[in-house]
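Observations on the model geometry
Listed below are the residues making up each chain.
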Amino acid sequence: MIYRSKAPLRLGLAGGGSDVSPYSEIFGGAVLNATIDQYAYCTIEETSSGTIVINAADLGITKKYASALSLPIDGQLDLHKGVYNRIIRNFGITRPLSFSMTTYCDAPPGSGLGTSSTMVVAIIKAFTEWLNLPLGDYDTAYLAYQIERTDLGFRGGKQDQYAATFGGFNFIEFSKDDRVIVNPLRINRWIIDELEISMVLYYTGASRSSDKIIREQQDNTRRGRKLPVEATHRIKQNSYLMKELLLKGDIVRFAKTLKSDWDNKKKMAASITNVHIEKIYEAAMKAGAYGGKVSGAGGGGFMFFMVDPAKRLDLISVLARFRGEIINFHFSENGCQGWKISENLLRTK
């Protein structure tokens, strides 16, 4: 049998940054996000070769190891190996597994769409299909969080793992002791359609590492620096307002609130924006955008803007001058999916 999975990437609509420790433990966090039809994929094929082959097809990296109960964390495909190591440890597996794994993602690393966390969720889901692991949605998301933040020591927030696992529009609340509550939102179809036609997703062409930005945010919180902490408070409060506006279908006010959200986000850490991002943002606003922001931690990757649909093509034309890429998308209702398929069905006759 072959085991496959896919998990959706997400747009952080509001509250991003309030899910990052230690802020979420001290003050509590709240984010509004939605998944889109861009995915991370994983395929696992059980073998009898006594080896483990991991192929990150989109990165052009393939590594082969002798089957073992633990794989080395050495900077090469650590997300993949981190999932394997934790599953071996957590679920009482006493004999090394032998398999081939292939992964790829629709968006590049550092895009601001939660690619790393989404990939971890997809890999966990493929192992769940193969090994029949007793993991519900909350279990899967929390395990993904533990692997990234505890086992591998990667900096970041808590929202991405839950968005990828649950899918759809969610309002997610965070508190101390890693407590997370996912509140799925029932959005009318016409509101989703209006949101899609009013939104332009733009890839700047520059991926970035979120580690420096997250480290600065964490340091600002620990030191109690007034300006960044108060900006995070306002961002969190905006998430409650934007949830209400979205549920009511007040898309124009929702869009305009994005601008104040972006203004506050830039106060959280100096490296969230740069000259190039500011030029793009200013040009978009002059072209009629109500507001917009960088998705994720900042510093590059994807930006999204809200605009009157009648002016959508004008905005796209202006953004084209910056040599980035417009990404057509739709919101995704489903979270991470897994399935199995017989090898016989894949053989050519």
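Note: the structure precedes this text.
What you see is a predicted model; the values in this text were computed from it and never measured.

Rules behind the numbers
Residues numbered from 1 in each chain as written. Predicted model: local features only at pLDDT ≥ 70, side-chain atom pairs only at ≥ 80, totals over all residues. Heavy atoms only, no water. Salt bridge = Lys/Arg side-chain N within 4 Å of Asp/Glu carboxyl O. Helix = DSSP H or I, 4+ residues; strand = E, 2+ residues; numbered from the N terminus. Buried < 20%, exposed > 50% of the residue type's maximum accessible area, 1.4 Å probe, protein only. Expected span 1.5 Å × (residues − 1). Contact = heavy atoms within 4.5 Å. Phe/Tyr/Trp six-rings, centres within 6.5 Å; stacked < 30°, edge-to-face > 60°. Lys NZ or Arg CZ within 6 Å of the ring centre and 35° of its normal. Pairing = 2+ DSSP bridges. Axes fitted to C-alpha atoms, helices over the stretch in contact; angles between N-to-C directions. Arc of directions from axis to C-beta. Polar contact = N/O pair within 3.5 Å; in protein donor to acceptor, adjacent residues only side chain to side chain. Core = buried A, V, L, I, M, F, W, Y, C linked by side-chain atoms within 4.5 Å.

A side chain with one charge may pair with a side chain of the opposite charge, provided their charged atoms come close. If you walk through the whole model with that rule in mind, you get 19 salt bridges. Across the salt bridge formed by Lys 266 and Glu 278, the nearest N and O atoms sit 3.4 Å from each other. On the criterion of sequence distance, the pair formed by Lys 266 in the loop between α9 (251–265) and α10 (275–286) and Glu 278 in helix α10 is long-range, its members being 12 residues apart. Taking the relative accessible area as the measure of exposure, Glu 278 reaches 27% and is therefore partly exposed. Bridged by salt links that share partners, the residues Arg 189, Asp 193, Glu 196 and Glu 333 form one connected network.

Given a rise of 1.5 Å per residue, 13 residues ought to cover 18 Å, and the 18 Å separating the end C-alpha atoms of helix α2 (residues 78–90) matches this to within 8%. With 11 of its 13 residues buried, α2 lies for the most part within the structure. Here α2 has its buried residues at Asp 78, Leu 79, His 80, Lys 81, Gly 82, Val 83, Tyr 84, Asn 85, Arg 86, Ile 87 and Ile 88. Contacts made by the buried residues of α2 are with β3 (51–56), β4 (61–66), β5 (99–105), α3 (115–131) and α4 (137–151).

The subject of this paragraph is the packing of aromatic side chains. Given two aromatic rings, one states the distance between the centres and the angle between the planes to describe the pair. Inspection of every chain in the model, using the stated rule, returns 18 aromatic pairs. Judged by centre distance (6.4 Å) and plane angle (25 degrees), the rings of Tyr 3 and Trp 130 are stacked. Of the two residues, Tyr 3 is situated in strand β1 (residues 2–14) and Trp 130 in helix α3; the sequence distance between them amounts to 127 residues. An aromatic cluster is defined as three or more aromatic residues linked by ring pairs; in this entry it consists of Tyr 3, Tyr 84, Phe 99, Phe 127 and Trp 130. Above the face of the Tyr 39 ring, Lys 6 is positioned so that its terminal group lies 4.3 Å from the ring centre. Of note, Lys 243 hangs over the ring of Phe 171, and the distance from its end group to the ring centre comes to 4.4 Å.

Take the sheet that holds strand β8 (residues 199–203) next. Reading across from one edge, β9-β10-β8-β11 is the order of the four strands in this open sheet, with antiparallel pairing throughout. Looking along the sheet, the strands with just one partner apiece sit at the ends: β9 (289–294) and β11 (325–327). The mean angle between the axes of side-by-side strands here comes to 30 degrees, regardless of whether they run parallel or antiparallel. Bridging between β8 and β11 involves three bridges; their strand directions are antiparallel. Counterpart to Tyr 203 in the pairing with β11 is Glu 325. In this fold helix α6 (residues 189–198) packs onto β8 and β10 (302–307), with an angle of close to 45 degrees to the strand it touches most, β8. Lying on the sheet, helix α11 (residues 312–319) is in contact with β8, β9, β10 and β11; it crosses β8 at an angle near 10 degrees.

Its 15 residues give α9 an end-to-end C-alpha distance of 21 Å, which sits within 8% of 21 Å, the value for a rise of 1.5 Å per residue. Regarding α9, the residues found buried are Ile 251, Phe 254, Ala 255, Thr 257, Leu 258, Asp 261, Trp 262, Asn 264 and Lys 265. Projected down its long axis, α9 shows its buried positions confined to an angular sector of 160 degrees, all on one face.

Within the element layout of this structure, Arg 10 appears in strand β1. Only 2.7 Å separates the side chain of Arg 10 from the side chain of Asp 160, close enough to count as a polar contact. Setting aside its immediate chain neighbours within four residues, Arg 10 contacts Asn 33, Ala 34, Thr 35, Gly 112, Leu 113, Gly 114, Gln 159, Asp 160, Ala 163, Ser 295 and Gly 296.

Take the pairing of β10 next. In terms of burial, β10 is largely enclosed, as six of its six residues are buried. The pairing of β8 with β10 spans five bridges and is antiparallel. Bridging across to β10, Met 199 finds its partner in Met 306. Note that β9 and β10 share five bridges and pair antiparallel. The residue bridging Val 294 from the neighbouring strand is Met 303, located in β10.

We now examine unusual backbone geometry. Looking along the chain, the bond that leaves Ser 21 and enters Pro 22 is cis, with omega of 5 degrees. Positionally, Pro 22 belongs in the loop between β1 and α1 (23–26). Of note in this structure, Asp 178 is not a glycine but carries a positive phi near 60 degrees. Within the secondary structure, Asp 178 sits in the loop between β6 (169–175) and β7 (179–184). Assessed through its relative accessible area of 24%, Asp 178 is described here as partly exposed.

With that settled, consider the nonpolar core. Grouped together as the largest cluster of nonpolar side chains are 71 residues, with contacts concentrated most on Leu 11, Phe 127, Phe 169 and Phe 331. With nine residues, the single largest contributor to this core is α3. Non-local contacts of Leu 11, meaning those with residues more than four positions away in its chain, are made with Leu 32, Asn 33, Ala 34, Ile 36, Leu 113, Met 199, Leu 201, Ser 295, Phe 304, Phe 329 and Phe 331. In this structure, Ile 272, Ala 283, Ala 287 and Val 318 belong to the second largest nonpolar core, which totals 23 residues.

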